[in-house]
Amino acid sequence: MTSQASNICVCICTFRRPALLERLLNDIRRQETGGLFTYSVVVCDNDQLRSAEQTVSEFAATSSIGVKYCLEPQQSIALARNKVVQNATGDYLAFIDDDEFPEKSWLQSLFLACQKYDVDGVLGPVKPSFEEGVPSWIVKGRFYDRSFPVSGCILTAQQTRTGNALLRRGVFCDMDAPFRPEYRAGEDVDFFRRAIERGFTFAWCDEAIVYETVPPSRWKRVYLLRKALLRGGCAALRPTVGVLDITKSLVAVLIYGLALPISALLGQHRFMDVMVRLCDHLGKLLALMGIKAVREPYVSG
């Protein structure tokens, strides 16, 4: 007697990106399973105007994969993630963003790695995909590149994110709201930090590759700086932030500020790298003083 195949629920949160969502759903349709598991999809629309509903309905009408649509009208990535988890079924939850697209072996690579390393979840790389005409300073500055550990490496909270992840259902037990809405960015890192504190372990899978679309709107300097300010502001919410962190940020703002004229001589990519680092620390300090440098729930691009 053979055991029943595991089921993976692919969780997608989306906000006003119907074309990118359609591409992602079509790529998910083509996922290889090797007969090891079945899978379904849940899409949470974080737009009160329900801009993703038609895209999901059209996909569901032609797909043999189970697809569920749900709505989180309050604009918040954390609330949207909580809603998609509430509506997800299956033994595993896979997470991917609406501006990403996976290789055909994505789900299978994550599933096999989770079994191989005997962990509660695995995360994989997200690599940038630029449209034609991207400025050279964006590429040279590596603003959308991330450093990756080796496969099988047990991750710290700071190495985690939900842009490419597969988690066992048990990780979400006893967590009514896994993602905390006070975090407008970094809510996924906060979730993993608390999960690790509860004893769950997560490993890296370098073979499970997805790509992130980086459109021209994200090539703008103001986007990078606003994103850094928001990221820094949310970092101030971490319970471990103390006097040492504040001192480091004060020193960093001073050093990066002094380095700006020199970095400008070394090229636009160096200058913007210093500016982004400065804004990360400045956003944290402003948040600790009760000042929101970025008031919008998203810095979208």
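Residues numbered from 1 in each chain as written. Predicted model: local features only at pLDDT ≥ 70, side-chain atom pairs only at ≥ 80, totals over all residues. Heavy atoms only, no water.

### As for the packing of helix 7 (residues 221-235) against helix 9 (residues 268-288)
Following both chains from N to C, one finds helix 7 and helix 9 inclined at 35°, their axes separated by 6 Å at the closest point. The hand of the helix 7/helix 9 crossing is right-handed. On helix 9, the residues touching Arg221, Leu224, Leu225, Ala228, Leu229, Arg231, Gly232, Gly233 and Ala235 of helix 7 are Gln268, Met272, Met275, Val276, Cys279, Asp280, Leu282, Gly283, Lys284 and Ala287. Class assignment for the residues of the contact of helix 7 with helix 9 results in eleven nonpolar, four polar and four charged. (Axes fitted to C-alpha atoms, helices over the stretch in contact; angles between N-to-C directions. Helix = DSSP H or I, 4+ residues; strand = E, 2+ residues; numbered from the N terminus. Left-handed = near helix turned anticlockwise from the far one by under 90°. Contact = heavy atoms within 4.5 Å. Nonpolar A, V, L, I, M, F, W, Y, C, P; charged D, E, K, R; others polar.)

### Points about the pattern of salt bridges
Scanning the model with the defined rule gives 20 salt bridges in all. For arginine 142, the salt bridge is made with aspartate 145, and the minimal N-O distance between the two is 3.5 Å. With a relative accessible area of 31%, aspartate 145 lands in the partly exposed category. Two residues, glutamate 212 and arginine 218, come together in a salt bridge whose shortest N-O distance is 3.1 Å. Given a relative accessible area of 5%, arginine 218 falls into the buried group. Through salt bridges with shared partners, a single network forms among Arg17, Asp98, Asp99, Arg146, Glu212 and Arg218. (Salt bridge = Lys/Arg side-chain N within 4 Å of Asp/Glu carboxyl O. Buried < 20%, exposed > 50% of the residue type's maximum accessible area, 1.4 Å probe, protein only.)

### Here we look at helix 4 (residues 106-117)
For helix 4, with twelve residues, the first-to-last C-alpha span of 17 Å sits near the 16 Å given by 1.5 Å per residue. For helix 4, the set of buried residues is Trp106, Leu107, Gln108, Ser109, Leu110, Phe111, Ala113 and Cys114. One or two steps after helix 4, the chain reaches aspartate 118, where phi turns positive at roughly 50°. (Expected span 1.5 Å × (residues − 1).)

### Considering unusual backbone geometry
One non-glycine residue, aspartate 118, adopts positive backbone phi at about 50°. As for its position among the elements, aspartate 118 is in the loop between helix 4 and strand 6 (121-123). Owing to a relative accessible area of 63%, aspartate 118 belongs among the exposed residues under this scheme. The phi torsion at arginine 142 lies on the positive side, around 55°, for a residue other than glycine. Position of arginine 142 relative to the elements: it lies in the loop between helix 5 (136-141) and strand 8 (164-168).

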